[in-house]
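Here is what each chain is made of, one letter per residue.
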Amino acid sequence: MRFPVSRRALLLFGASGAGLSLLSGCGVRLDTPPDVPTLDETNQLRNRIARILAATTAGDTDPETAGEDLQKLRTAIGPVWSPPTEVATEAPPSEKPRSYIAAAEVVSTAVFTALPTLGSTLIPVLVDVATGLALTAGAEEHAKIIRDADALIRDSRQPSPDSASGEPEAAKDSGSPDEQGPTADDSTASPMWNEILDQARAASYGYERLAVNFDSKSRERKRAVARLESLGSLAGEMLEKLGEKNADAGAPSWKLDPSPTDPATAKELALSLEDGLAAAILPWLQTDTRAALRLWESAQARMVFASPQVLRYSYSEDSGTAEAQK
């Protein structure tokens, strides 16, 4: 039987399994073999990425921060899982050694291709790691990594031939309320949609204010203007989810911190706006892979005003749970 397994449960199982040989050596009889968890597809993907990152070494042609970024990514994705040797029925698979850039291409392709089928609380970490890898590795001559990732993410939102609803397969087929994305009729969903809507409106206002601090032909001005379109799309999506009765009226004004008065403060404001959006999107991303596009758009916009951010969220050493960066 296949069933999802939390990362904490897997770590605990590994620790208990490691003591089997000690128990048998003391004469303790184990009449019933331990129940070895069978990983679902999402956990298998997480485990494969952990193996890829474990086998990755930063090379001379990789970004300067590749070594430091690898450590952050390994912490976020968690350790490699394999059953204890005493109960394993086959040798765990292995990954060939790769450079940071090669690993970024493989991981981003694997995650963004699988988006329609992902169906667990691992969605945020998988999307976050794949996004960070693609953007930090896809600079200049490796820009194809970003283009390919962008195409895969957008394709994942297209309805499959077997589904007229456009719902990702994981959200459509799951029988567990915890694995389904919240709907506009759910009283717990409306505050989340309204929070994202408010952040999108505030960001639109902020980008209108900050754009004028850059030269009209600059990369920053062009990105700010383009970002207004994607933020409008996000706001429209939230309004559709909320429906006519549940949407809050727009706030009369938003306080911009900092107030953009020159290119430096304008860049600082852009980063603050995108970090606020990422935090608002996280609860949505925990249940619905369609939020991956919105996190991707935010991460792409942010990298125009600062170096690419390898992770948008924070991760503790043992929980594997994404948290908004403070």
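Residues numbered from 1 in each chain as written. Predicted model: local features only at pLDDT ≥ 70, side-chain atom pairs only at ≥ 80, totals over all residues. Heavy atoms only, no water.

A. Structural detail: the pattern of salt bridges. By the definition in use, this model includes 15 salt bridges. The partner of Lys72 in a salt bridge is Glu68, and the shortest N-O contact between them spans 3.5 Å. Residue Lys72 and its partner Glu68 are located together in helix α4 (residues 66-77), separated by four residues, close to a single helical turn. Linking Arg98 and Glu95 is a salt bridge whose minimum nitrogen-to-oxygen distance equals 3.0 Å. Judged on exposure class, the residue Arg98 and its partner Glu95 are both buried. Where salt bridges share partners, they join Asp150, Arg154, Arg157, Glu237, Arg294 and Glu297 into one cluster. (Salt bridge = Lys/Arg side-chain N within 4 Å of Asp/Glu carboxyl O. Helix = DSSP H or I, 4+ residues; strand = E, 2+ residues; numbered from the N terminus. Buried < 20%, exposed > 50% of the residue type's maximum accessible area, 1.4 Å probe, protein only.)

B. Just helix α10 (residues 219-246), in detail. An ideal rise of 1.5 Å per residue puts 40 Å on 28 residues; α10 measures up with 38 Å between its terminal C-alpha atoms. At Glu240, α10 shows its largest kink, close to 60°. All buried positions along α10 are accounted for by Glu220, Ala224, Arg227, Ser230, Leu231, Leu234, Ala235, Glu237, Met238, Lys241 and Leu242. Contacts made by the buried residues of α10 are with α9 (189-211), α11 (263-285) and α12 (291-305). (Expected span 1.5 Å × (residues − 1). Bend = angle between axes of the 7 residues up to and from the residue. Contact = heavy atoms within 4.5 Å.)

C. A look at the packing of α9 against α11. With their axes 9 Å apart at the nearest point, α9 and α11 run at an angle of 165° to one another. Here α9 is positioned roughly antiparallel relative to α11, judged by the angle of their axes. In the crossing of α9 with α11, the sense of the turn from one axis to the other is left-handed. Counted together, Met192, Trp193, Glu195, Ile196, Gln199, Ala200, Ala202, Ala203, Gly206, Tyr207 and Leu210 of α9 and Ala266, Leu269, Ala270, Leu273, Glu274, Gly276, Leu277, Ala280, Ile281, Pro283 and Trp284 of α11 form the full contact between these two elements. Considered class by class, the residues forming the contact of α9 with α11 number 17 nonpolar, three polar and two charged. (Axes fitted to C-alpha atoms, helices over the stretch in contact; angles between N-to-C directions. Parallel < 35°, antiparallel > 145°, perpendicular 65-115°, else oblique. Left-handed = near helix turned anticlockwise from the far one by under 90°. Nonpolar A, V, L, I, M, F, W, Y, C, P; charged D, E, K, R; others polar.)

D. Broad picture of the nonpolar core. Ranked by size, the top nonpolar core spans 81 residues in total, and within it Ile49, Leu126, Val129, Tyr207, Leu210, Trp284 and Tyr313 carry the most contacts. A per-element tally of this core places α11 first, with twelve residues. Those residues in contact with Ile49 that lie beyond four places of it in its chain are Ile77, Val107, Val111, Leu126 and Val129. (Core = buried A, V, L, I, M, F, W, Y, C linked by side-chain atoms within 4.5 Å.)

E. View of the environment of Phe214. With respect to the helices and strands, the residue Phe214 is situated in the loop between α9 and α10. In this structure Phe214 comes out as buried when scored by relative accessible area, which is 6%. The spacing of Phe214 and Asp262 is 48 residues in sequence and 7.9 Å in space, taken between C-alpha atoms. When sequence neighbours within four positions are dropped, the list of residues in contact with Phe214 reads Glu220, Arg221, Pro263, Ala266, Lys267 and Phe305.

F. A look at the packing of aromatic side chains. Enumeration over the complete set of coordinates arrives at five aromatic pairs. Centroid distance Trp193 to Trp284: 5.7 Å. Interplanar angle 90°. Geometry classified as edge-to-face. With a gap of 91 residues between them, Trp193 in helix α9 and Trp284 in helix α11 connect regions that are remote in the sequence. Note on Tyr207 and Phe305: the rings are 6.2 Å apart at their centroids and 50° apart in plane angle, and the pair reads as tilted. With Tyr207 in helix α9 and Phe305 in helix α12, this residue pair connects regions lying 98 residues apart in the sequence. Grouping residues by exposure puts Tyr207 and Phe305 together as buried. These aromatic residues form a ring-pair network of at least three members: Tyr207, Phe214 and Phe305. (Phe/Tyr/Trp six-rings, centres within 6.5 Å; stacked < 30°, edge-to-face > 60°.)

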